[in-house]
Amino acid sequence: MPEVLLNGVQVRFPFEPYEVQTTYMTKVIECLQNGINGILESPTGTGKTLCLLCSSLAWLETTKARFAAMRQESSNAPTSLSMQLSGAVGQSWQDVRMAPPKIIYSSRTHSQLSQATSELKRTTYKYMKVAVVGSRDQMCVHPEVSKETNNNSKVYMCQMRVKAKTCHYYNQVDNKKDDPELRKDILDIEDLVKMGKKRSFCPYYMSRELKRDSDIIFMPYNYLLDPKTRKAHGVELEGNIVIFDEAHNVEKMCEEAASHQFSSTDLALCIDEVTQVMKKIQENHDAGDAAAAVTDSSQDLPDFLANDLYTLKALFLELEKAIDTIPLPSDGSGASHPGDYMFEILEKADITPNKKTVIVELLEKLIQYLTVNSSSPFQRKGAGLQKFLDLIYIVYSKDCFSLEQMQSVKRSYKVHVSVEEPKKKAGQQDAWHVPKTVTSKSGRVISYWCFHPGFGMQSLVEQGAKCVILTSGTLSPLDSFTSELQVPFPVQLENPHIIKRHQVWAGVVCHGPDGMNLNSSFKNRSDPRYKRSLGQTILNLARVIPDGLLVFFPSYTVMKDCQEDWQTSGVWSRLSEIKPIFVEPKTKNEFQMAMQEYYEKIKDPAFTGACFMAVCRGKVSEGLDFADYNGRAVIITGLPYPPFKDPRVVLKQKYLEEARTRQKHGLTGQAWYNLEASRAVNQAVGRVIRHKDDFGAIVLCDSRFASTHFKGQLSAWIRPHVTNYNKFGPVMREITQFFKQAQILLPCPKGTEKKCAPAQAIQYEESIPAASYPVTAHALESVGSRSVTSQNTSKHSIEGQSTVNAFSETISDLNYPASKETKEVVRSGNESIFTLFEQEVKVKPQEFTFSAPPPPLPDYLSIKMNSKRRKIKLVPRMGIPVEGSEGVSEHVLKPPNPEASVSSGCDKVDKHSKLCHPTELEGSKVKNTSEKEEEKKRKLKATGAYIMEVKAAVSKEKYAVFSSTVKEYKTKGDFEKLLNVMPTIFSNEPAQQALMKKFQHFLKPEDREKFETFMADTPQT
């Protein structure tokens, strides 16, 4: 296994690391050696997780070796090895002599953690001790407790059985924690649960035992950011390393973990639950049977007094009175207050920080009592009390608040009080548009929102974390990210992508096939014309994009709106004929099923791929891998801005403006609002191009993406590739060309060759007389000389053109001309190799049909093509339908021979009585042209094969010299330099000499004879 020395640390990597990977690992080690924080961005597909694990564990391995050396040294002077190890570990750890630190590796979800553990299994560091921390909901194997659906109830049921030692699985943990099988392999949650069931021990408590002596601990990062959860899982931060992978959501998670909502309904539920316990105790007391105080005779009597319940109920009643008297605007818009307003509300009910401990203990006892004694699913289980307990934990996160901390809460939090909406009954109409009215009986919702993510991040530092590393593929811009967290990050990195230019196509599509401006703003997104144009855009792109296609919408509402419109207009059915469509569901089980079916359709050779429609910030955009044919393109249909009238969004912007005024620096509210959209886009875009040999297209279908301001907020690796397109034709031409080139230059992944078929073969569409349709002015604005369609869609187009009504639903054929330079390229194989090295194969692109909604019938006599072309005069004749007519003309305007001018096919026709008709001669010319195209394809493929052969035969450095020399020969014609460089690239071995000799086919004719003479004089071994 290759080894690389980085900052004095020997790192073993599964393969020879690339430059971007070496840079990334160096930065990680720098953070660890100096005990400082770092924020590192490296695009998806650069092996970020693997680099993170190898570099951090290599450093930890060195650190453990240093501690072992220190234990062996007695009074002797430090050895040279010990001094060398100390230098590699770093100066900040010289005073640490107790034990080496642990690495706490966190990610957003358990599925992402599973991916990380899988990566760890590929390395030589898999021998290190690993623990994966999960919840009882995932890990409990007790037959009764695991059936409980409410997670909080599950916690208390488990705690009661553990306390009473009545859980057989828990009782076996001590006996089996030293079982060698637990450390034989890396066990993720599923593996541990499987072993727990097989060997009858509790996986949840076993993971906590394994955590004690582990070198690296995996857990979701909400376990770290939520103080209550961190305490429940016994997470120790003092002197340890904390890594946040996929950290683009960390700031939001920090805010969420420190925020809470509590309503009048929740408070009423608290009162009801306390009353229920009081009645239960009173009934038991009246019956004179103490044992009846619990339903299970094995359980203990309640360890709280009746007086405690009376006091708690009185407290809740006072709080209810205080909340009901909060003044609200009559329009129901809600009222906002500074963060310390929450303390005022609670103090009215005599709830203060110094009473926190007593209240918390009583609430926990009551919840446990209700959970254990609820024999029916309809009985209360303490849900209201649990929610109030969470509020106390968050509001009084510290036992004692200093004046400075109170001021920080006042600035960092906002309290928003709004009218509580009643639950809608089944079948009740949605009345979102009806203004809310406030009455004396209206309930309240109190939102205690944290707007300062640094509040949660600072607690990690205060807990003694030695080093915090944040990393993701989408953190840009780093300055704004770090300014919000309010924690210093001395080490920063914004890595480029590992891929080359020819592996990615990125463009902003400003207009659809019909010329409609694509803009998904709030004012425009409900326009039927916009939705129709967007649908036609996606439909046409789906025809030329192979395999998997991901389409992201700004929100579920927009996606649903478009889906309904496209199903009505027929776009949906036509798209599903090209690729089966999957829509992102909201539930977990349905989502897993949808993903499984999507992958199956991609692998099925009977289909040309599949299309998955999803939402930015949804499940599909986060952490899922759409490598290779699973995701060849991603289409972003709009900017996913947060709802601008949402109270939380409004207050967040207000908070940022106040902070900027106070500190004289930082984000403005509008800048944050824009960043929210761009980060969601960056995350969605990261679903494609997942490794160094992958390729894909990024299509931004909203004209607002074209602004310089927004481009600056895209990930650094995407920016150089983005091009703006004001017309749809060039988009189709270039995307077709891109995939054609990529399939030649890039190898198919192993085991997937059957899916790596060449780009779609394109044929001319046979016109159906009964389906003729006049060409519109817009269609001829930038049309090419002939109408063609792909094999996949011609059948459906023909079938759908049998009647006038059917025709009105079908697509209008628009094509765009190849540029002059495109027509001149690839006359022979000589030029292809130079074009390929420029990473733009200028093969004449595939002709294609792409759709636009049928426009109104024209009422004009002539249409200008453009200033460089002759005019086509269209004279209406009998049989051509006019608006409102029922007949359909049997005559078709068939485009003339492509090699002739646009008007040449019409010069031989009676201009006053006939339209242009195809002839048999034209058919033969079309056939000859197709043969020429096939010949060009074969030559281009041979050229690509030669390049791949050279790349495989020589080293990276020599290939780079070869590439630059060939380019220079093309531009400057320096043949002498070419002859001097070639022997340095190819050795004298017969195989390499034969490879060099093949190069003569790509030389200029006047240089070939000289090259043959040169080769004849070159000695071979």
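This one's a predicted model, so the numbers in the text were calculated from it and none came from an experiment. (Residues numbered from 1 in each chain as written. Predicted model: local features only at pLDDT ≥ 70, side-chain atom pairs only at ≥ 80, totals over all residues. Heavy atoms only, no water.)

Side note on the overall build of the protein chain
When its secondary structure is counted, the protein chain shows 40 helices and 24 strands. A buried classification covers 52% of the 1021 residues belonging to the protein chain. Looking at the protein chain alone, contacts between residues at least 24 apart form 80% of all its contacts between residues at least 6 apart. For the protein chain, the computed accessible surface area is about 48,000 Å², with 52% contributed by carbon and sulfur atoms. (Helix = DSSP H or I, 4+ residues; strand = E, 2+ residues; numbered from the N terminus. Buried < 20%, exposed > 50% of the residue type's maximum accessible area, 1.4 Å probe, protein only. Contact = heavy atoms within 4.5 Å. Areas by Shrake-Rupley, 256 points an atom, 1.4 Å probe, with all protein chains shown as cover.)

Considering the packing of aromatic side chains
This model, assessed by the stated rule, comprises 34 aromatic pairs. Summarising the aromatic geometry, the rings of F582 and Y598 are spaced 5.9 Å apart at their centres and angled 90° between planes, so their arrangement reads as edge-to-face. With F582 in strand 16 (residues 581-583) and Y598 in helix 26 (residues 588-603), this residue pair connects regions lying 16 residues apart in the sequence. Here F582 matches Y598 in class, with each residue buried. (Phe/Tyr/Trp six-rings, centres within 6.5 Å; stacked < 30°, edge-to-face > 60°.)

Concerning helix 38 (residues 975-985)
Residues spaced three or four apart along an α-helix point in a common direction, a consequence of the helix completing one turn every 3.6 residues. Those residues of helix 38 not exposed but buried are F975, L978, L979, V981, M982 and I985. Those residues of helix 38 that are buried lie in contact with helix 37 (956-972), helix 39 (990-997) and helix 40 (1005-1017). Capping the start of helix 38 is the job of one residue whose side-chain oxygen sits 3.2 Å from the backbone nitrogen of K977: D974. (Polar contact = N/O pair within 3.5 Å; in protein donor to acceptor, adjacent residues only side chain to side chain.)

Considerations on the packing of helix 39 against helix 40
Where helix 39 meets helix 40, the closest approach of the two axes is 11 Å, and the angle between their N-to-C directions is 170°. Here helix 39 is positioned roughly antiparallel relative to helix 40, judged by the angle of their axes. Only F1011, F1014 and M1015 of helix 40 make contact with helix 39, whose side of the interface consists of Q993, M996 and K997. Broken down by class, the residue content of the contact of helix 39 with helix 40 amounts to 4 nonpolar, 1 polar and 1 charged. (Axes fitted to C-alpha atoms, helices over the stretch in contact; angles between N-to-C directions. Parallel < 35°, antiparallel > 145°, perpendicular 65-115°, else oblique. Nonpolar A, V, L, I, M, F, W, Y, C, P; charged D, E, K, R; others polar.)

Focus: the nonpolar core
Most often, soluble globular proteins have nonpolar side chains that are buried together. Within the largest apolar cluster, 63 residues are counted, with the highest numbers of intra-cluster contacts made by V11, Y105 and F218. For this core, the element with the most residues is helix 2 (residues 48-72), which contributes 9 residues. Look past the residues within four positions of F218 in its chain and what remains in contact with it is L53, Y105, L113, A116, T117, L120, V130, A131, V132 and V133. Listed in part, the 50 residues of the second largest apolar core include M278, I367, Y369 and Y396. (Core = buried A, V, L, I, M, F, W, Y, C linked by side-chain atoms within 4.5 Å.)

Quick look at the pattern of salt bridges
In total, this model carries 31 salt bridges according to the counting rule given. Across the salt bridge formed by E61 and R12, the nearest N and O atoms sit 3.0 Å from each other. Separated by 49 residues along the polypeptide, E61 in helix 2 and R12 in strand 2 (residues 9-12) bring together distant segments of the chain. As a salt-bridge pair, D266 and K387 come within 3.2 Å of each other at their nearest N and O atoms. Of the two residues, D266 sits in helix 15 (residues 264-287) while K387 sits in helix 19 (residues 383-395), which places them 121 residues apart along the sequence. (Salt bridge = Lys/Arg side-chain N within 4 Å of Asp/Glu carboxyl O.)

A word on the packing of helix 1 (residues 19-34) against helix 2
Close contact between helix 1 and helix 2 brings their axes to 9 Å; oriented N to C, the two are set at 40°. By the criterion of interaxial angle, the relationship of helix 1 to helix 2 is oblique. Remark: the crossing between helix 1 and helix 2 carries right-handed chirality. The residues of helix 2 that touch helix 1, namely those facing Q21, Y24, M25, V28, I29, L32 and Q33, are K48, C51, L52, C54, S55, S56 and W59. Partitioning the contact of helix 1 with helix 2 into residue classes produces 9 nonpolar, 4 polar and 1 charged. (Left-handed = near helix turned anticlockwise from the far one by under 90°.)

Let's talk about the sheet that holds strand 17 (residues 610-615)
Taking strand neighbours across the sheet as the criterion, the 7 strands line up as 16-17-15-18-19-14-20 in an open arrangement whose pairing is parallel. The strands lining the two open edges of the sheet, one partner per strand, are strand 16 and strand 20 (722-725). Neighbour-to-neighbour, the strand axes of this sheet turn through a mean angle of 20°, independent of strand direction. Pairing of strand 15 (residues 548-553) with strand 17, which is carried by 6 bridges, proceeds in the parallel orientation. Across the sheet, residue F553 finds its bridge partner in strand 17, namely V615. (Pairing = 2+ DSSP bridges.)

Topic: the environment of M559
Structurally, M559 is set in helix 24 (residues 556-569). Between the C-alpha atom of M559 and that of M613, which follows or precedes it by 54 residues, the distance is 7.9 Å. Filtering out sequence-adjacent residues up to four positions away, M559 remains in contact with F553, V583, E584, M613, A614 and V615.

Observations concerning unusual backbone geometry
Of note, D547 is a non-glycine position whose phi angle comes to about 60°, a positive value. The residue D547 is located in the loop between helix 23 (528-544) and strand 15 in this model. Classification of D547 as buried rests on a relative accessible area of 8%. Its identity is not glycine, yet R617 carries a phi of approximately 75°, on the positive side. If you trace the backbone, R617 turns up in the loop between strand 17 and strand 18 (633-636).

Some points on the side chain of D628
Tracing the chain through its elements places D628 in the loop between strand 17 and strand 18. Notably, D628 is buried but unbridged: the nearest opposite-charge side chain belongs to R632, and the N-O separation is 4.6 Å. A distance of 2.6 Å separates a polar atom in the side chain of D628 from a polar atom in the side chain of H691. (Lys, Arg positive; Asp, Glu negative; His and termini not counted.)

Focus on the side chain of K414
Among the structural elements, K414 can be located in strand 10 (residues 413-419). A polar side-chain atom of K414 sits 3.1 Å from a polar atom in the side chain of E658. Each residue touching K414, except ones within four places of it in the same chain, is listed here: H337, P338, G339, S447, Y448, W449, F451, L651, Y655 and E658.

Here we look at the environment of L493
When you line up the elements, L493 lands in strand 13 (residues 491-494). A relative accessible area of 10% means that L493 is categorised as buried. Spatially, the C-alpha atom of L493 lies 5.8 Å from that of E41, the residues being 452 residues apart in sequence. In this structure L493 touches T23, Y24, K27, I39, L40, E41 and L478, once residues within four positions along its chain are discounted.

Examining helix 14 (residues 250-257)
For helix 14, the full list of buried residues reads V250, E251, C254, E255 and A257. Buried residues of helix 14, viewed axially, fall in a sector of 165°; they line one side. (Arc of directions from axis to C-beta.)

Focus: the sheet that holds strand 13
Strands pair in a sheet through their backbones, by hydrogen bonds, and they do so in one of two ways: parallel or antiparallel. Pairing is parallel in the open sheet, where 7 strands are placed in the order 5-6-4-7-12-3-13. Across the chains shown, the open sheet's two edge strands, defined by having one partner strand only, are strand 5 (130-132) and strand 13. Between one strand axis and the next, the sheet turns through 15° on average, direction left out of account. Of the pairings in the sheet, the one linking strand 3 (residues 38-41) to strand 13 comprises 4 bridges and is parallel in character. Across the sheet, I39 pairs through a bridge with Q492, a residue of strand 13. Running over the sheet, helix 1 touches strand 3, strand 7 (241-244), strand 12 (467-472) and strand 13 and is turned about 165° from strand 13.

Regarding the confidence of the model for the protein chain
Model confidence for the protein chain is summarised by a mean pLDDT of 77, while 76% of its residues fall at 70 or above. Low pLDDT, under 50, characterises residues 837-927; the stretch is placed with 195 contacts to residues that sit more than four places away or in other chains. (pLDDT = per-residue confidence, 0-100.)

Some words on the pairing of strand 7
The alternating pattern of strand 7 places I241 and I243 and V242 and F244 on opposite faces, both of which are buried. One ladder, built from 4 bridges, connects strand 4 (residues 103-107) with strand 7; its direction is parallel. Its bridge partner being in strand 7, Y105 is matched across the sheet by I243.

Digging into the pairing of strand 1 (residues 3-6)
Along any regular strand the residues' side chains alternate between the sheet's two faces. Residues V4 and L6 of strand 1 are buried on one face, while the alternating residues E3 and L5, pointing to the opposite face, are not. As defined by bridge partners, strand 1 adjoins strand 2 across 4 bridges and the pair is classed as antiparallel. Each residue of the ladder has a partner; that of L5, found in strand 2, is Q10. The antiparallel hairpin formed by strand 1 and strand 2 contains 2 residues in its connecting segment, where N7 sits at a positive phi of about 55°.

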